[in-house]
Amino acid sequence: MSGLRNGPLAPGIAFITGGARGLGNAIAVSFAKEGSKGIALVDIQDDATFQEGKSAVEKYGTKCITIHADVTDESHIERAVAEVVKVFGRIDYAANFAGISGPLTAVVDTDTNAWRKVIEVNCVGVWLSMKHELRQMIKQDSIDVESGRVAQRGSIINCASVNSIQSGAGSSGYTAAKHAVLGMTKAGALEARSKDVRINCVSPGFLRTKLLDEEFMKATGSSMLGGPEGDAAWKTFEDRQGMCILVKRYKFSTDACRRYQVDKRRSTRSAM
């Protein structure tokens, strides 16, 4: 038994864009729960949102700093990385989750500048973040690893989406950006592996958070987070991806997912 590894799962320093709220903050809280020594929340949100996100992380005894930065501005990302290194000495984990939903309109009705904005935030912003995180990681020493393991200078996770592999009407900008994230992650991973840095992406399904709610409010005047119109729209997303995940106050609720999957199996059997 003495040969088994023990200790915190993620003891290093985490750098999280979009970390002040929603999924990004849920990730920050997870790093705190798993023993990270320090966490940086990088976002463009207001002070109240930053404070709420920071408090959620600090509940677990982790030192947390907040950095106001726009991921579409390269100088902001350079500054954010430098500030984290100044405070903590290094960056071990980076999670690039800053993003917007963009306009939920048909191609023929979409404002070009609004379309470009979602590309700038969700595509260029991820690329800039990955670029400067990687620059820092390749020049730092590896964390301590067991004999025989490959050195570990850092790990980067980009946020793609279910829309990196499929799409939906009214999401041309978002879908284009998320397909690009998947592609740049593949290219970055091939480049970084020889430098002892891992780059991966995750493709979450739709999450019922404020990110989606803002554009839904513009389009319908109703909230995605509740009410008949929001529930009806969510049912469409739920049916499409076959699951339901509700992020609320940093908790993932899978009860609805289980109910949906059970009902789906029952209806399938009845039809046979």
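The structure we're discussing is the one just above.
Residues numbered from 1 in each chain as written. Predicted model: local features only at pLDDT ≥ 70, side-chain atom pairs only at ≥ 80, totals over all residues. Heavy atoms only, no water.

A.B. asks: Any chance you could explain the packing of helix 1 (residues 22-33) against helix 2 (residues 47-58) here in plain terms?
C.D. replies: Relative orientation and spacing of two packed helices are given, respectively, by the angle between their axes and the distance between those axes. In contact at an axis separation of 8 Å, helix 1 and helix 2 are set at 25° when each is read in the N-to-C sense. Between helix 1 and helix 2, the interaxial angle falls into the category roughly parallel. Both helix 1 and helix 2 take part in a crossing whose hand is right-handed. Residues Asn-25, Ala-28, Val-29 and Ala-32 of helix 1 form the contact with helix 2, whose own contacting residues are Gly-53, Ala-56 and Val-57. (Axes fitted to C-alpha atoms, helices over the stretch in contact; angles between N-to-C directions. Helix = DSSP H or I, 4+ residues; strand = E, 2+ residues; numbered from the N terminus. Parallel < 35°, antiparallel > 145°, perpendicular 65-115°, else oblique. Left-handed = near helix turned anticlockwise from the far one by under 90°. Contact = heavy atoms within 4.5 Å.)

A.B. asks: Looking at this model, I keep getting lost on the sheet that holds strand 1 (residues 13-17). Mind explaining?
C.D. replies: The strands that make up a sheet pair up through hydrogen bonds in the backbone, lying either parallel or antiparallel. Across the sheet, six strands lie side by side as 3-2-1-4-5-6; this open sheet has parallel pairing. Unpaired on one side and paired on the other, strand 3 (63-68) and strand 6 (197-202) mark the two borders of the sheet. Neighbour-to-neighbour, the strand axes of this sheet turn through a mean angle of 15°, independent of strand direction. Pairing of strand 4 (residues 93-96) with strand 5 (residues 154-159) involves four bridges; the strand directions are parallel. Within strand 5, the residue paired with Tyr-93 across the bridge is Ser-155. (Pairing = 2+ DSSP bridges.)

A.B. asks: What am I meant to see in the nonpolar core here?
C.D. replies: Generally speaking, nonpolar side chains in soluble globular proteins are found buried as a group. Judged by nonpolar contacts, the single largest core of 32 residues is most densely connected at Phe-15, Ile-67, Val-84, Ile-156 and Ile-199. Put simply, the parts of the chain that give this core at least two residues each are strand 1, strand 2 (38-43), strand 3, helix 3 (74-88), helix 4 (112-137), helix 5 (172-192) and strand 6. At eight residues, the largest contribution of residues to this core is made by helix 4. Leave out the neighbours within four places in its chain, and Val-84 touches Ile-13, Phe-15, Ala-40, Ile-65, Ile-67, Gly-89, Arg-90 and Ile-91. In terms of nonpolar packing, the next biggest core, distinct from the first, is built from 20 residues, Val-29, Leu-41, Ala-56 and Phe-97 among them. (Core = buried A, V, L, I, M, F, W, Y, C linked by side-chain atoms within 4.5 Å. Buried < 20%, exposed > 50% of the residue type's maximum accessible area, 1.4 Å probe, protein only.)

A.B. asks: What should I look at first to understand empty space enclosed by the protein in this one?
C.D. replies: Rolled over the atoms, a probe as big as a water molecule pinpoints where empty space is left. Enumeration according to the criterion identifies one cavity of 30 Å³ or more in this entry. Approximately 40 Å³ is the volume found for the largest cavity. Considering the residues around the largest cavity, the lining is formed by Ser-101, Gly-102, Pro-103, Thr-105, Thr-110, Trp-115, Val-118, Gly-170, Ser-171, Ser-172, Gly-173 and Tyr-174. Among the secondary structure elements, those contributing two or more residues to the lining of the largest cavity are helix 4 and helix 5. The biggest single contributor to the lining of the largest cavity is helix 5, with three residues. Taken together, the residues of the lining of the largest cavity sort by class into four nonpolar, eight polar and no charged. (1 Å grid on protein atoms, 1.4 Å probe; cavity = no way out; pocket = protein on both sides within 12 Å on 5 of 7 lines; lining within 4 Å. Points joined across faces, edges and corners; volume = space filled by probe spheres on them. Nonpolar A, V, L, I, M, F, W, Y, C, P; charged D, E, K, R; others polar.)

A.B. asks: Can you walk me through the side chain of Thr-175 in this structure?
C.D. replies: Following the sequence through the fold, Thr-175 ends up in helix 5. For Thr-175, a relative accessible area of 9% puts it in the buried group. Beyond its immediate sequence surroundings of up to four residues, Thr-175 is in contact with Asn-163, Gln-166, Ser-167 and Gly-168.

A.B. asks: Any chance you could explain the pattern of salt bridges here in plain terms?
C.D. replies: A pair can form between side chains of opposite charge whenever their charged atoms are brought close. Summed over all chains, the structure comprises four salt bridges. Note that Lys-54 and Glu-58 form a salt bridge whose closest N and O atoms lie 3.8 Å from each other. Here Lys-54 and its partner Glu-58 are both found in helix 2, four residues apart, which amounts to about one turn of the helix. For Arg-90, the salt bridge is made with Asp-92, and the minimal N-O distance between the two is 2.7 Å. Each of the two residues, Arg-90 as well as Asp-92, counts as buried. (Salt bridge = Lys/Arg side-chain N within 4 Å of Asp/Glu carboxyl O.)

A.B. asks: Where do I start with unusual backbone geometry in this structure?
C.D. replies: Most peptide bonds take the trans configuration, and most residues that are not glycine carry a negative phi. Of note, Asp-196 is a non-glycine position whose phi angle comes to about 65°, a positive value. Relative to the helices and strands, Asp-196 is located in the loop between helix 5 and strand 6. Here Asp-196 falls in the partly exposed class, since its relative accessible area comes to 21%.

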